[in-house]
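Here are the chains, one letter per residue:
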Amino acid sequence: MVKHLLLCYRRMFKLNKKRKIIICKVSILQKYVKSLWNQLVGCCIGKSIKYRKLSRQHSSSTTTAAPPSSPSRGAVPDGGFNGKCYCDHSKESLEDLVALKICLLGDNQIGKTSFLTKYVGKEKGEESFSTTGLNQMDKILCVKGARISYSIWEVQGDVSASTQIPVACKDSVAMLFMFDLTSRCTLKSVISWYQQARQWNQMAIPVIIGTKFDDFVQLPLDMQWTIASQARAYAKALNATLFFSSATYNINVNKIFKFITAKLFNLPWTLERNLTIGEPIIDF
């Protein structure tokens, strides 16, 4: 009887050992396949990333506070996808992030930093340019079960921009070309910014953004019409989507990044066109 039990124990020991070896091999194979998949997806997007496919199911949403009142009857706060974005950082790890880069270009004193600060959610005074003249901020959001990390690179609009543009534009999935709606010379500069940026990146989604809409609506209607017409002509020539925005009143700030997200991941979100003078124009 004892001899029989010993034989049984030996057989069980051998089986357990074989099982552990099989499990170890399967685990190694899974890690290899996952690594290969990440490399393939990284090549498709243009950079090495950790990627998780977006779910088609709607994720739960959190309640958000109502934004401040608009300076114009048509200047309504941002809308969203078919469901709102939310993120719980405490339960996630960096392994789940889809890391994407966006660059932001335009002349000095047009509201680029205020726009970026409003979107990221930092307080005024927290932002600062490094010695290279680049201001970089991050924003993490969750869309339908996947976490997206936007690394947004703002180029300082001075004479040193030519050395900053390559760093900011390389590997970017979207380019935001900004101008002041109350300054036509900054609108004309968009062409130059676009030409310089395209030398380093031909694939990024182009978006033209007119800032300071709250000041723009105080201009005479004929001047508003002239600026809006010229901005729409530039957007058409550059095959870019046009947004009028205001960081002060949070007009179209979040909507711009939601548009980019929907465009990148082919999400079912319909952007409504608005060409009414005196309202925050959206043209595409």
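The structure displayed is predicted, hence computed values, not measured ones. (Residues numbered from 1 in each chain as written. Predicted model: local features only at pLDDT ≥ 70, side-chain atom pairs only at ≥ 80, totals over all residues. Heavy atoms only, no water.)

### A short note on the confidence of the model for the protein
Residues of the protein with pLDDT of at least 70 account for 63%, and the chain-wide mean is 77. Per-element averaging of pLDDT across the protein places helix 1 (residues 2-45) at the bottom with 58 and strand 6 (residues 241-244) at the top with 98. In this model residues 41-70 is a low-confidence stretch, pLDDT under 50, and it forms 58 contacts with partners more than four residues away in sequence or in other chains. In this model residues 72-80 is a low-confidence stretch, pLDDT under 50, and it forms 23 contacts with partners more than four residues away in sequence or in other chains. (pLDDT = per-residue confidence, 0-100. Helix = DSSP H or I, 4+ residues; strand = E, 2+ residues; numbered from the N terminus. Contact = heavy atoms within 4.5 Å.)

### Considerations on the nonpolar core
Ranked by size, the top nonpolar core spans 34 residues in total, and within it I102, F115, Y150, L176, V207 and I260 carry the most contacts. Looking at this core, the elements with two or more residues in it are strand 1 (97-106), helix 2 (112-120), strand 2 (134-143), strand 3 (146-155), strand 4 (172-180), strand 5 (205-211) and helix 7 (253-265). Take this core: its biggest share by element is seven residues, from helix 7. Beyond its immediate stretch of four places on either side in the chain, F115 contacts L104, L176, M178, I209, S245, A247, V253, I256 and F257. Residues L105, A228, A235 and L238 belong to the second largest nonpolar core, which totals 33 residues. (Core = buried A, V, L, I, M, F, W, Y, C linked by side-chain atoms within 4.5 Å. Buried < 20%, exposed > 50% of the residue type's maximum accessible area, 1.4 Å probe, protein only.)

### Structural notes on the packing of helix 2 against helix 7
A packed helix pair is summarised by two numbers, namely the angle formed by the two axes and the spacing between the axes. It is at 9 Å that the axes of helix 2 and helix 7 come closest, and there the two elements cross at 75°. In this view, helix 2 runs roughly perpendicular relative to helix 7, as classed from their interaxial angle. Within the contact between the two elements, helix 2 uses F115, K118 and Y119 and helix 7 uses V253, N254, I256 and F257. Residues of the contact of helix 2 with helix 7, tallied by class, amount to five nonpolar, one polar and one charged. (Axes fitted to C-alpha atoms, helices over the stretch in contact; angles between N-to-C directions. Parallel < 35°, antiparallel > 145°, perpendicular 65-115°, else oblique. Nonpolar A, V, L, I, M, F, W, Y, C, P; charged D, E, K, R; others polar.)

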